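Observations on the three-dimensional arrangement
This is what each chain is made of:
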Amino acid sequence: ALSITYQNGGLCGNGAHRSTKINFQCLQNIDPKKTPFPLGIPMYAGETSHCHYEINWTSSAACPVKPPSSTQQLCSQPLVDEVTGEIIDFAQMNKVYAIADPSNPANKYLINPCQSLGAACNVDPS
């Protein structure tokens, strides 16, 4: 399992910055031809404390890949698991995902695990 925490997001009503933790879990043996979501679906896990959100994402993209040979290059900077030395490549997840809060479907959260949403995300600070 791998987790990424994004800090210093938009401001909350109390003046603190939002943060989001994404917990990735490997899901192997997905046949992309047999599922409409071969990269899995990010699921909102909750607000662990005020303005600190958690998302669980089970995906084949979170599984280790073989290191590239000298003639190959990965399309992005891969992450290396410091314990196992395995290389994990999230480049295929480089897009914006909208995640609904199951307890309040009107709340939607936008994430991109590969880069900042920047100005494309109009965030209500409340």
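These numbers come from a predicted model, not from an experiment.

**Observations concerning the packing of aromatic side chains**
Given two aromatic rings, one states the distance between the centres and the angle between the planes to describe the pair. Tallied over the entire structure, the rule returns four aromatic pairs. Taking 4.6 Å as the distance between ring centres and 5 degrees as the angle between the ring planes, the aromatic pair formed by Tyr-44 and Tyr-109 counts as stacked. Here Tyr-44 is found in strand β3 (residues 43-49), whereas its partner Tyr-109 is found in strand β8 (residues 104-111), with 65 residues between them in sequence. The exposure classification of Tyr-44 matches that of Tyr-109, with both residues buried.

**Re the pairing of strand β2 (residues 19-26)**
As paired strands, strand β1 (residues 2-6) and β2 are joined by five bridges and run antiparallel to one another. Following the sheet pairing, Tyr-6 is matched in β2 by Thr-20.

**Focus on the environment of Tyr-109**
You can call Tyr-109 buried: its relative accessible area is 17%. A C-alpha to C-alpha distance of 8.0 Å links Tyr-109 and Tyr-97, two positions twelve residues apart in sequence. Not counting chain neighbours up to four residues away, the residues in contact with Tyr-109 comprise Tyr-44, Tyr-53, Tyr-97, Ala-98, Ile-99 and Asp-101.

**Structural notes on the state of the cysteines**
The final tally for this structure, using the stated rule, is one disulfide. Covalent S-S linkage joins Cys-12 and Cys-51, the inter-sulfur distance amounting to 1.7 Å. Of this pair, Cys-12 sits in the loop between β1 and β2 while Cys-51 sits in the loop between β3 and β4 (52-59); the two residues are 39 residues apart in sequence, bridging distant segments of the chain. By relative accessible area, which is 4% here, Cys-12 ends up buried.

**Comments concerning a nonpolar patch on the surface**
A surface patch of nonpolar side chains, amounting to about 310 Å² of accessible area, comprises Phe-37, Ile-41 and Met-43. Note that Met-43 resides in strand β3. For Met-43, a relative accessible area of 49% puts it in the partly exposed group.

**Some thoughts on the pairing of β3**
In the sheet, β3 pairs with β4 via five bridges, with the strands oriented antiparallel. Following the sheet pairing, Met-43 is matched in β4 by Asn-56. Hairpin connection between β3 and β4: a loop of two residues separates the two successive antiparallel strands, and Cys-51 in this loop has a positive phi of roughly 70 degrees.

**Concerning the sheet that holds β2**
Overall, mixed pairing links the four strands, which are arranged β1-β2-β4-β3 in an open sheet. The sheet is open, and its two edges are formed by β1 and β3, each paired on a single side. Each strand axis lies, on average, 20 degrees off the axis of its neighbour in the sheet, ignoring direction.

**A word on the nonpolar core**
Most often, soluble globular proteins have nonpolar side chains that are buried together. Grouped together as the largest cluster of nonpolar side chains are 17 residues, with contacts concentrated most on Ile-22, Phe-24, Trp-57, Met-93, Tyr-97 and Ile-111. If you list the elements that add at least two residues to this core, you get β2, β4, β7 (97-101) and β8. With three residues, the single largest contributor to this core is β4.

Cut-offs used in this document
- Residues numbered from 1 in each chain as written.
- Predicted model: local features only at pLDDT ≥ 70, side-chain atom pairs only at ≥ 80, totals over all residues.
- Heavy atoms only, no water.
- Phe/Tyr/Trp six-rings, centres within 6.5 Å; stacked < 30°, edge-to-face > 60°.
- Helix = DSSP H or I, 4+ residues; strand = E, 2+ residues; numbered from the N terminus.
- Buried < 20%, exposed > 50% of the residue type's maximum accessible area, 1.4 Å probe, protein only.
- Pairing = 2+ DSSP bridges.
- Contact = heavy atoms within 4.5 Å.
- Disulfide = S-S within 2.5 Å.
- Patch = residues over 30% accessible without salt bridge, like charges linked within 9 Å, V, L, I, M, F, W, Y side chains within 5 Å.
- Areas by Shrake-Rupley, 256 points an atom, 1.4 Å probe, with all protein chains shown as cover.
- Salt bridge = Lys/Arg side-chain N within 4 Å of Asp/Glu carboxyl O.
- Axes fitted to C-alpha atoms, helices over the stretch in contact; angles between N-to-C directions.
- Core = buried A, V, L, I, M, F, W, Y, C linked by side-chain atoms within 4.5 Å.

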